[in-house]
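Chain by chain, the residues run as shown.
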2 protein chains.
Amino acid sequence: MNDHLFGDRFVRAVYDCCVAAHIDTMEIGYKNSDEKFSPAKNGPWKFCHEEDLRRVVGDNDTPLKLSCMADAGKSNWKKDIWPKKDSVLDVIRVAFYHYQLEEALDMIRDAKEKGYEVWGNMMAVTDTEEKDIDRCLAGLAESPADTIAIVDSYGTLLPEWTAYLTKKYVAVAAPAGKTVGIHAHNNQQLAFANSIEAVRNGAMTVDASLGGLGRGAGNCPMELLLGFLKNPKLDIRPVFECLERHFHILQNQMEWGPFPEFMITGQANKHPRAAIAAREGIERGNYAEFYDSVFGDKSNV
Amino acid sequence: MNDHLFGDRFVRAVYDCCVAAHIDTMEIGYKNSDEKFSPAKNGPWKFCHEEDLRRVVGDNDTPLKLSCMADAGKSNWKKDIWPKKDSVLDVIRVAFYHYQLEEALDMIRDAKEKGYEVWGNMMAVTDTEEKDIDRCLAGLAESPADTIAIVDSYGTLLPEWTAYLTKKYVAVAAPAGKTVGIHAHNNQQLAFANSIEAVRNGAMTVDASLGGLGRGAGNCPMELLLGFLKNPKLDIRPVFECLERHFHILQNQMEWGPFPEFMITGQANKHPRAAIAAREGIERGNYAEFYDSVFGDKSNV
């Protein structure tokens, strides 16, 4: 949304909020290659260099775990992910498409050997054939990953589908001693509902963001998730404090949420890139025309 | 949101959209008493006088059914609801709180005798004790109502709760030859998810509005519902056309949607009136303070 150009004070405010709310883990950014992506065009949270992290969180002397996302094909993981003993990070989450499974498994093994908690996140599950999901799950089950995540990149999942996938993932993950997570997008205003459905079916970890902040339609809002979990360990109030102090200005700088363009790509089981382009272009708000461009113009049929 | 002051052209646009989308029924407004509510302060859709309806929809020479909501305690139903043969309306929906059951049953019988399709909508189901829900269901089952609706006035329902209630309502309604409907509010971004859950459990009618338009957090967005139903009879494109032509200006005039204040009253199982007041007052956006006012200030505990 903003090329990872969040200011240090904002990142620190979200970090403080996560600590105060007793959230388990904060994903602080991406571990992508600064050779493949321009450091001039992208903010520090695209790369999460150790000095940038420590400038904001110090040695993170709190129970909050810090995670980074590393994409297969986009990160220089051998070099950029340091041994855990030298990093303030605790968790490495490996994101990949099914056809990148081999590199992802290499990344998972590498991160585990370096001392991290590790996740395997196969993206775009709704656009992946069953045999490829099964192949990835089998690979992840044999890998040293701690958690396997259901990733609804396109915001296409419906609750019934989420329940089916959660059972499928748990059936493979549990015997291997791994847990299942859910990463939902809000294209159809179902990120929270799908997260609930995953939890009901055995998922142990849910991704959420303050105010649902996230590219395109955004993600599961933390303030809804905490209200649902009613876990006495968790405190929802710091989330509302952080939202009121730091998100009003953000909402003036950028937009996210389930706008019709994102609903349409979600319904179509498509990547939101066309919707993002439409929201940013002069065609913004021309919903019917955008609908035709995604689903095909049937107005003359 | 606007004291029912929608302009005729806007109402006609929504009507045309419903016809083009092949939606079953359009609720065009309320049948409330113009003795209890000021016609000077409220627009025509608060009262739905026959001449106002016909000015916009003529004789409604389409398959679209038109409905009106009549509130127990707020409508002069004996006088204001005309015999069906004299009205362009097809459906009367009777809204009531559990303690108004007796008047509601009188209203239902009256509307049925006048020739209408009739609904019984017991409001605030999440704030109604089980014995009172059962009492109302038993009364509605014996009444001539055609449909009994689950009404989540506070936006508090979670999908699992919705499933439970739907099964409960269907168990009473089906043997009596009646169907079940769902009226969801979007405080927790669950209006669509709860509607899906109700349909999965036997609800036959879902309330939705274009763009989720509705007081406070709004309702289930029609554009999401139609995308889910994939009913070949229904056409989603006119909804996007109506949204782009007529709703952008509306969004500049008023606000609706799952803002944090509405999430908080939804989580608290409370009527949204405090949240509406907070959004309209100078305390707008002070989420943590509003949270304290609803849940009690625990910051010093």
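Residues numbered from 1 in each chain as written. Chains lettered and ligands numbered in written order. Predicted model: local features only at pLDDT ≥ 70, side-chain atom pairs only at ≥ 80, totals over all residues. Heavy atoms only, no water.

Enquirer: Even after reading the chapter, I still don't get the overall build of chain A, so can you show me in this structure?
Expert: Tallying secondary structure elements over chain A gives twelve helices and seven strands in all. The C-alpha atoms of chain A give a radius of gyration of 19 Å, which matches the 19 Å a tight globule of 301 residues would have. Counting only C-alpha atoms and orienting by the principal axes, one finds that chain A spans roughly 65 × 45 × 45 Å. The buried share of chain A, reckoned over its 301 residues, is 58%. Considering only contacts within chain A whose residues lie at least 6 apart along the sequence, 75% involve residues at least 24 apart. A total of about 12,700 Å² of accessible surface is found on chain A, and carbon and sulfur atoms cover 51% of it. The average position of the 34 basic charges and that of the 44 acidic charges among the side chains of chain A differ by 2 Å. (Helix = DSSP H or I, 4+ residues; strand = E, 2+ residues; numbered from the N terminus. Rg over C-alpha atoms; globule rule 2.2 N^0.38 Å. Buried < 20%, exposed > 50% of the residue type's maximum accessible area, 1.4 Å probe, protein only. Contact = heavy atoms within 4.5 Å. Areas by Shrake-Rupley, 256 points an atom, 1.4 Å probe, with all protein chains shown as cover. Lys, Arg positive; Asp, Glu negative; His and termini not counted. Charge placed at Lys NZ, Arg CZ, Asp CG, Glu CD.)

Enquirer: Even after reading the chapter, I still don't get helix α9 (residues 237-253) of chain B, so can you show me in this structure?
Expert: Residues lying three or four places apart along an α-helix face the same way, a consequence of the helix completing one turn every 3.6 residues. Compared with the 24 Å implied by 1.5 Å per residue over 17 residues, the 24 Å span of α9 of chain B between its first and last C-alpha is a close match. Where α9 of chain B bends most, the angle comes to about 50°, and this point is Phe 247 of chain B. Within α9 of chain B, burial applies to Arg 237, Pro 238, Val 239, Phe 240, Cys 242, Leu 243, Phe 247 and Leu 250 of chain B. Contacts from the buried residues of α9 of chain B go to α10 (260-267) and α12 (287-295) of chain A together with α1 (8-21) and α8 (222-229) of chain B. (Expected span 1.5 Å × (residues − 1). Bend = angle between axes of the 7 residues up to and from the residue.)

Enquirer: How do you make sense of the side chain of Asp 207 of chain B when you look at a structure like this?
Expert: Residues and elements named next belong to chain B. By secondary structure assignment, the location of Asp 207 is in the loop between β7 (205-206) and α8. Here Arg 93 takes part through its side chain, which lies 2.7 Å from a polar atom of the side chain of Asp 207. Contact partners of Asp 207, with chain neighbours within four places excluded, come to Arg 93, Trp 119, Ile 182, His 183 and Cys 220. (Polar contact = N/O pair within 3.5 Å; in protein donor to acceptor, adjacent residues only side chain to side chain.)

Enquirer: When you look at the confidence of the model for chain A in this model, what are you seeing that I'm missing?
Expert: In low-pLDDT segments, the atomic positions of the prediction should not be examined closely. Overall, the predicted model of chain A reaches an average pLDDT of 96, with 98% of residues at or above 70. Note on the complex model: pTM 0.96, ipTM 0.94. (pLDDT = per-residue confidence, 0-100.)

Enquirer: Explanation requested: the domain arrangement of chain A in the structure shown.
Expert: Residues and elements named next belong to chain A. Domain parsing of chain A yields domain 1 (8-253) and domain 2 (260-295). One C-alpha centre belongs to domain 1, the other to domain 2, and the line joining them spans 25 Å. Contact with domain 1, which involves 13 residues of that partner, is made by ten residues of domain 2. Both faces considered, domain 1 and domain 2 share a buried interface measuring about 940 Å² in area, 54% of it formed by carbon and sulfur atoms. Together, Tyr 154, Asn 187 and Arg 215 form the three largest contributors to the area buried by domain 1 at its contact with domain 2, with a combined 50%. Across the domain 1-domain 2 interface, the total number found is zero salt bridges. Between domain 1 and domain 2 we count four residue pairs in polar contact (both at pLDDT 80 or more) in total. (Domains from an automatic or database assignment. Buried area = accessible area lost by both parts, 1.4 Å probe. Salt bridge = Lys/Arg side-chain N within 4 Å of Asp/Glu carboxyl O.)

Enquirer: What's the story with the sheet that holds strand β4 (residues 117-122) of chain B in this structure? I'm lost.
Expert: Strand pairing within a sheet occurs via backbone hydrogen bonds; the two strands may be parallel or antiparallel. All names here are of chain B. With respect to topology, seven strands assemble into an open sheet ordered β1-β2-β3-β4-β5-β6-β7, the strand pairing being parallel. A strand with exactly one partner marks an edge of an open sheet, and here the two such strands are β1 (25-30) and β7. Direction of pairing for β1 relative to strand β2 (residues 65-71): parallel, over a ladder of five bridges. Bridged to Gly 29 within β2 is Cys 68. (Pairing = 2+ DSSP bridges.)

Enquirer: What should I look at first to understand the relation of the copies chain B and chain A in this one?
Expert: Copy one and copy two of the chain differ by a rotation about a common axis and a shift along it. Rotating chain B by 180° and moving it 0.0 Å along the rotation axis overlays it on chain A with an RMSD of 0.0 Å. In short, the pair behaves as if placed about a two-fold rotation axis. A share of 100% of the interface residues of chain B reappears at the interface of chain A, consistent with the copies meeting face to face through the same patch. (Least-squares fit on C-alpha atoms with pLDDT ≥ 70 in both.)

Enquirer: For this particular structure, what's the right way to read the pairing of strand β6 (residues 179-183) of chain A?
Expert: Strand residues, when the strand is regular, have side chains that alternate between the two faces of the sheet. Residues and elements named next belong to chain A. Of all five residues that make up β6, four are buried, and the element is covered over most of its length. Inspection of the sheet shows strand β5 (residues 147-151) paired to β6 by five bridges, in the parallel sense. Bridge pairing links Ala 149 to Gly 181 in β6. In this region the chain leaves β5, passes through helix α6 (residues 159-173) and returns to the parallel neighbour β6; the handedness of that crossover is right-handed. (Right-handed = clockwise from strand over helix to strand, strands pointing away.)

Enquirer: How should the environment of Lys 65 of chain A be read in this particular structure?
Expert: Residue and element names in this part refer to chain A. Tracing the backbone shows Lys 65 in strand β2 (residues 65-71). Here the alpha-carbon distance between Lys 65 and Val 19, two residues 46 residues apart in the chain, equals 9.3 Å. Not counting residues up to four positions away in its chain, the partners in contact with Lys 65 are Asp 24, Thr 25, Met 26, Asp 90, Val 91 and Glu 117. A polar contact is formed between the side chain of Lys 65 and the side chain of Glu 117, at a distance of 2.7 Å.

Enquirer: I tried to follow the side chain of Arg 237 of chain B on my own but got confused; where do I start?
Expert: Relative to the helices and strands, Arg 237 of chain B is located in helix α9. Reaching out from Arg 237 of chain B, the side chain makes a polar contact with the side chain of Asp 292 of chain A at a distance of 2.3 Å. In this structure the side chain of Arg 237 of chain B is engaged in a polar contact, spanning 2.4 Å, whose partner is the side chain of Glu 241 of chain B.

Enquirer: Any chance you could explain the sheet that holds strand β1 (residues 25-30) of chain A here in plain terms?
Expert: All names here are of chain A. Pairing is parallel in the open sheet, where seven strands are placed in the order β1-β2-β3-β4-β5-β6-β7. In this open sheet, the two edge strands, each paired with only one partner strand, are β1 and β7 (205-206). Across four bridges, the pairing between strand β4 (residues 117-122) and β5 is parallel. The partner of Asn 121 across the bridge, within β5, is Ala 149.

Enquirer: What's the story with the nonpolar core in this structure? I'm lost.
Expert: As a rule of thumb, soluble globular proteins bury nonpolar side chains together. If you look at the biggest cluster of nonpolar residues, it comprises 182 residues, and the most contacted ones within it are Ile 28, Tyr 169 and Phe 247 of chain A together with Ile 28, Tyr 169 and Phe 247 of chain B. If near-sequence neighbours (up to four positions away) are discounted, Tyr 169 of chain B is found in contact with Met 122, Val 125, Ile 133, Leu 137, Ile 148, Ala 149, Ile 150 and Val 180 of chain B. (Core = buried A, V, L, I, M, F, W, Y, C linked by side-chain atoms within 4.5 Å.)

Enquirer: How should the interface of chain B and chain A be read in this particular structure?
Expert: Frequently, the measure chosen for interface size is the accessible area removed from exposure when the parts meet. Across the boundary between the two partners, chain B contributes 37 residues, which contact 37 residues of chain A. For the chain B and chain A pair, buried surface summed over both sides reaches about 3,200 Å², with 63% attributable to carbon and sulfur atoms. Broken down residue by residue, the surface that chain B buries against chain A is led by Gln 189, Arg 237 and Phe 240 of chain B, which jointly contribute 19%. The interface formed by chain B and chain A contains four salt bridges. Between Arg 237 of chain B and Asp 292 of chain A there is a salt bridge, with its nearest N and O atoms 2.3 Å apart. Where chain B packs against chain A, one counts 14 residue pairs in polar contact (both at pLDDT 80 or more). Of all the elements in the fold, those that place two or more residues in the side of chain B that touches chain A are α6 (159-173), α7 (191-200), α8, α9, α10 (260-267) and α12 (287-295) of chain B. With six residues, α9 of chain B is the largest single contributor of residues to the side of chain B that touches chain A. Residues that form the side of chain B that touches chain A fall into these classes: 18 nonpolar, ten polar and nine charged. (Nonpolar A, V, L, I, M, F, W, Y, C, P; charged D, E, K, R; others polar.)

Enquirer: Where do I start with the packing of helix α1 (residues 8-21) of chain A against helix α9 (residues 237-253) of chain A in this structure?
Expert: Any two packed helices are characterised by how steeply their axes cross, that is the angle between the axes, and by the distance between the axes. All names here are of chain A. It is at 9 Å that the axes of α1 and α9 come closest, and there the two elements cross at 165°. Between α1 and α9, the angle is such that the two are roughly antiparallel. In this structure, α1 meets α9 at a crossing whose hand is left-handed. Contacts between α1 and α9 involve Phe 10, Ala 13, Val 14, Cys 17, Ala 20 and Ala 21 on the former and, on the latter, Pro 238, Val 239, Cys 242, His 246, Phe 247 and Leu 250. Of the residues contributing to the contact of α1 with α9, the split by class is eleven nonpolar, one polar and no charged. (Axes fitted to C-alpha atoms, helices over the stretch in contact; angles between N-to-C directions. Parallel < 35°, antiparallel > 145°, perpendicular 65-115°, else oblique. Left-handed = near helix turned anticlockwise from the far one by under 90°.)

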